[in-house]
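If you want the building blocks of each chain, they are given just below.
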Amino acid sequence: MKVAITGTPGTGKTSASQMVSEKLKYKLISLTDIAEKNDLFEDYDEKRDTHVVDAEKLNEVVQKELKKTKNVLLDGHLGHFLKELDLVIILRTNPNDLRRRLETKGWAKGKIIENVQAEILDIILQEAVQLHKDVYEVDSTKRPIRTVAADIIKIIQEPESREPFKPGKIDWTGYSSYF
Ligand SMILES: Nc1ncnc2c1ncn2[C@@H]1O[C@H](COP(=O)(O)OP(=O)(O)O)[C@@H](O)[C@H]1O
Ligand SMILES: [Mg+2]
């Protein structure tokens, strides 16, 4: 099974996917590591304080890795842009908690606002459902990493229990005037 764990930065992708990968013995691929090792960071966007990755090139490199592995978790906020995936799981976090997590990480204010706004507007969800059929959401707000990991495992292993994780149940629109 090829599973992308995507979501806005700070939603807990790396924490949860590490736990899932240990429990299920799935290979864990960090898309950030792949981008770094293969020099896929195109240029630095000064205004957004972020490095831009070419999703097409990332896909090319990742497809080679996927051919070598049967069961794999792809950790990264560009995961849903990859092809040949069996499942896309999006982690979601309430804007207030997400802001706090990014503040703890020491992120600059502008970058925090940009990412929290993207979370409020369901940006990754919208991108993911346009590209993939099997897309699910897991809320990581005020839930321990092991509980989030357990939900991901359930989605992977029990197709009959995926219903509660179908897109549309998580709604941050009440935060639309948050900033
Ligand atoms: N379920 C959770 N509850 C509370 N804090 C979390 C949870 N998951 C991750 N965190 C914390 O949030 C921050 C971002 O987590 P991380 O796994 O690096 O997210 P991502 O990979 O999506 O950017 C870290 O400080 C991490 O310890
Ligand atoms: Mg991460």
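Only a predicted model underlies this, so the values are computations on that prediction, with no experimental measurement involved.

Visitor: Quick rundown of the overall build of the protein chain? Include the residues and the values.
Guide: Per the secondary structure count, the protein chain includes seven helices and seven strands. Each helix and strand of the protein chain, ordered N terminal to C terminal, gives the series β-α-β-α-β-β-α-β-β-α-α-α-β-α. The principal-axis extent of the C-alpha atoms belonging to the protein chain is close to 45 × 40 × 30 Å. Here the protein chain, with 179 residues, has 37% of them falling under the buried criterion.

Visitor: Outline the site of ligand 1, supporting the account with residue identities and numerical values.
Guide: The immediate surroundings of ligand 1 are formed by 15 residues, with Gly12, Lys13, Thr14, Ser15 and Arg101 found nearest. Contributions of two or more residues to the shell around ligand 1 are made by α1 (13–24), α4 (95–104) and α7 (145–157). Broken down by element, the shell around ligand 1 gets its largest block of residues, three residues, from α1. Counted by class, the shell around ligand 1 contains four nonpolar, eight polar and three charged residues.

Visitor: Talk me through unusual backbone geometry; I want residue IDs and the actual numbers.
Guide: Positive phi, close to 55 degrees, is recorded for Lys25, a residue that is not glycine. Structurally, the position occupied by Lys25 is in the loop between α1 and β2 (27–30).

Visitor: Before we move on, could you go through the environment of Ala55 and cite the residues and values that matter?
Guide: Structurally, Ala55 is set in helix α3 (residues 55–68). A count of 14 C-beta atoms within 10 Å places Ala55 in the partly exposed class. Along the sequence, Ala55 and Gln18 sit 37 residues apart, while their C-alpha atoms lie 23 Å from each other.

The rules behind each value
Just so you know, the residues in each chain are numbered from 1, in the order the chain's sequence is written. Chains carry letters and ligands carry numbers; both start at the beginning, A for chains and 1 for ligands, and go up in the order they are written. With the structure being a predicted model, the display of local features is reserved for residues of pLDDT at least 70 and the display and counting of side-chain atom pairs for 80 or more, all residues being used for whole-chain, interface and lining totals. Runs of E in the DSSP output that reach at least two residues are strands. Runs of H or I that reach at least four are helices, and both are numbered from the N terminus. Buried, partly exposed and exposed are defined by the number of other C-beta atoms within 10 Å of a residue's own C-beta, namely 20 or more, between the two limits, and 12 or fewer respectively, with C-beta atoms placed from the backbone. Whether a residue is near a molecule or strand depends on its C-beta atom, generated from backbone atoms, being within 6 Å of that molecule or strand. Only Asp, Glu, Lys and Arg are considered charged in this grouping, and only Ala, Val, Leu, Ile, Met, Phe, Trp, Tyr, Cys and Pro are considered nonpolar; every other residue, Gly among them, is considered polar.

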